[in-house]
Amino acid sequence: MNLADLVVKTSGDRRVGLDGLAEDVAAQVAGGRRVVVVHGGQDRIRELAERLGVADETLTSPSGVAFRRTDPAMLEVVTLALTGSMRGEVLTALRGAGLRAVGLGGADGTVRARRKPAPRAVVDGRTMAVHDDHSGRPESVDTTVLAALLRAGVVPVLSPPAVAEDGGLVNVNADRVAALVAVALGAPELVLLTATDGVRADPTDAGSRIDVLETDARGRTRTARITGGMTGKLVAAADALTGGVAAVRVADGRIAHPVRDALSGGGTRVRLAHAVAIGSDS
Ligand SMILES: Nc1ncnc2c1ncn2[C@@H]1O[C@H](COP(=O)(O)OP(=O)(O)O)[C@@H](O)[C@H]1O
Ligand SMILES: CC(=O)N[C@@H](CCC(=O)OP(=O)(O)O)C(=O)O
């Protein structure tokens, strides 16, 4: 049985607005759909780190996925920026659109994660272990409170970080949280809003948006040049599809009606291409 109809993940990129998102979520809820909102917070994290004088470094894993170096000081910044600032902004926008919305995630343990003991990063062509890092991979979702809120007509708003097996907090990628939540709630649709018009064949070419992108089960594709944050987003999209989410879209969060547009065919639909074997060189 599905507990939600739609999961929307919005970005922490300042170019992505929250009012249009809220208006569109309100229209979905008015139409009887149960919607969960998940948010990231990259610009809020960067700005708060700068204000507090905490070093902010983005590393790249050997498989090409970008992640933030999260030492104890950065974990504090991530927690404040996401469960404080950004969550508050999302809740305010949803409330402004007439919805009841409640924040979850972080220390409440709605999302559980596996701690990465020493994530590996490629620096100057060499792979090294990153010590004293508090990053993890989201692994499971406690759906109890989410389901109760959805039944009551409330929009749950979910933020990283997540709780690790040792009880501590770990920084997790918000796209992966959204994919995991969509699978856990049996949602048939996942929309990943971001600060570009979809997945492009060439990230620098505005005319190269792809309507339907085929990836393998690890989010790898031959049809587009994928770098930076888009790498992890496609891993998340593939996770969702593998887990049974029927429709996954990467769509533009900068426009007036981002959810409405995505649901009516905007952005890029991601599909699994079972037949295509993609080598590790892609
Ligand atoms: N092939 C591609 N198509 C579109 N964007 C891409 C592509 N490759 C890399 N990108 C970059 O990835 C960004 C999205 O990742 P990120 O900023 O981490 O997203 P978010 O904050 O929405 O999770 C885009 O804004 C763009 O700069
Ligand atoms: C581990 C990891 O990378 N965590 C992310 C969490 C926030 C996020 O995902 O924000 P966006 O959706 O705005 O990119 C980070 O520190 O940036």
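As the structure is a computational prediction, the values presented were derived from the model and not from experiment.

Parameters and conventions
Residues numbered from 1 in each chain as written. Chains lettered and ligands numbered in written order. Predicted model: local features only at pLDDT ≥ 70, side-chain atom pairs only at ≥ 80, totals over all residues. Heavy atoms only, no water. Near = heavy atom within 4 Å. Polar contact = N/O pair within 3.5 Å; in protein donor to acceptor, adjacent residues only side chain to side chain. Nonpolar A, V, L, I, M, F, W, Y, C, P; charged D, E, K, R; others polar. Axes fitted to C-alpha atoms, helices over the stretch in contact; angles between N-to-C directions. Helix = DSSP H or I, 4+ residues; strand = E, 2+ residues; numbered from the N terminus. Parallel < 35°, antiparallel > 145°, perpendicular 65-115°, else oblique. Contact = heavy atoms within 4.5 Å. Pairing = 2+ DSSP bridges. Buried < 20%, exposed > 50% of the residue type's maximum accessible area, 1.4 Å probe, protein only.

Chemist: Quick rundown of the site of ligand 2? Include the residues and the values.
Modeler: Surveying the vicinity of ligand 2 reveals the residues Lys 9, Ser 11, Gly 12, Gly 40, Gly 41, Gln 42, Ile 45, Arg 68, Asn 171, Val 172, Asn 173 and Ala 174. Interatomic distance of 3.0 Å between a backbone N/O atom of Gln 42 and an oxygen atom of ligand 2. Between ligand 2 and Val 172 there is a distance of 3.2 Å, counted from a nitrogen atom to a backbone nitrogen or oxygen. Looking at the shell around ligand 2 residue by residue, the class counts come to three nonpolar, seven polar and two charged.

Chemist: Give me the packing of helix H5 (residues 174-184) against helix H6 (residues 228-242): which residues, what numbers.
Modeler: Relative placement of two packed helices is described by the angle separating their axes and the distance separating the axes. At a minimum axis separation of 8 Å, H5 and H6 run at an interaxial angle of 5 degrees. Classified by the interaxial angle, the pair formed by H5 and H6 is roughly parallel. Only Lys 233, Val 235, Ala 236, Asp 239 and Ala 240 of H6 make contact with H5, whose side of the interface consists of Asp 175, Arg 176, Ala 179 and Val 183. For the contact of H5 with H6, a count of residues per class yields five nonpolar, no polar and four charged.

Chemist: Describe the sheet that holds strand E12 (residues 169-170), and please don't skip the residues or the numbers.
Modeler: In space, the four strands of this open sheet follow the order E9-E6-E11-E12, with mixed pairing throughout. Across the chains shown, the open sheet's two edge strands, defined by having one partner strand only, are strand E9 (136-141) and E12. Bridge count between strand E6 (residues 111-115) and E9: five bridges; the pairing is antiparallel. Looking at E9, one finds that Arg 115 is bridged to Gly 136. Across the sheet, H5 touches E6 and E9, and the angle it forms with E9 is around 20 degrees.

Chemist: Explain H5 to me, using residue names and the numbers behind them.
Modeler: Since the α-helix packs 3.6 residues into each turn, any two residues three or four apart lie on the same face. Most of H5 is tucked away, with eight of its 11 residues classed as buried. Of all the residues in H5, the buried ones are Ala 174, Asp 175, Arg 176, Val 177, Ala 178, Ala 179, Val 181 and Ala 182. The residue sitting at the N-terminus of H5 and contributing the capping side-chain oxygen is Asn 173; that oxygen lies 2.9 Å from the backbone nitrogen of Asp 175. Note on H5: the residue one or two positions beyond its end, Gly 186, has a positive phi of about 65 degrees.

Chemist: I'd like a rundown of the environment of Lys 9, residues and numbers included.
Modeler: With respect to the helices, strands and loops of the structure, Lys 9 is situated in strand E1 (residues 6-10). Residue Lys 9 is classed as buried on the basis of its relative accessible area of 5%. Along the backbone, Lys 9 and His 39 are 30 residues apart, and their C-alpha atoms lie at a distance of 5.4 Å. If sequence neighbours within four positions are ignored, Lys 9 has contacts with Val 38, His 39, Gly 40, Ala 174, Asp 175, Ala 178, Val 191, Leu 192, Leu 193 and Lys 233. A polar atom in the side chain of Lys 9 sits 3.1 Å from the side chain of Asp 175.

In short, the description is geometric, and any link to function would need to be established separately.
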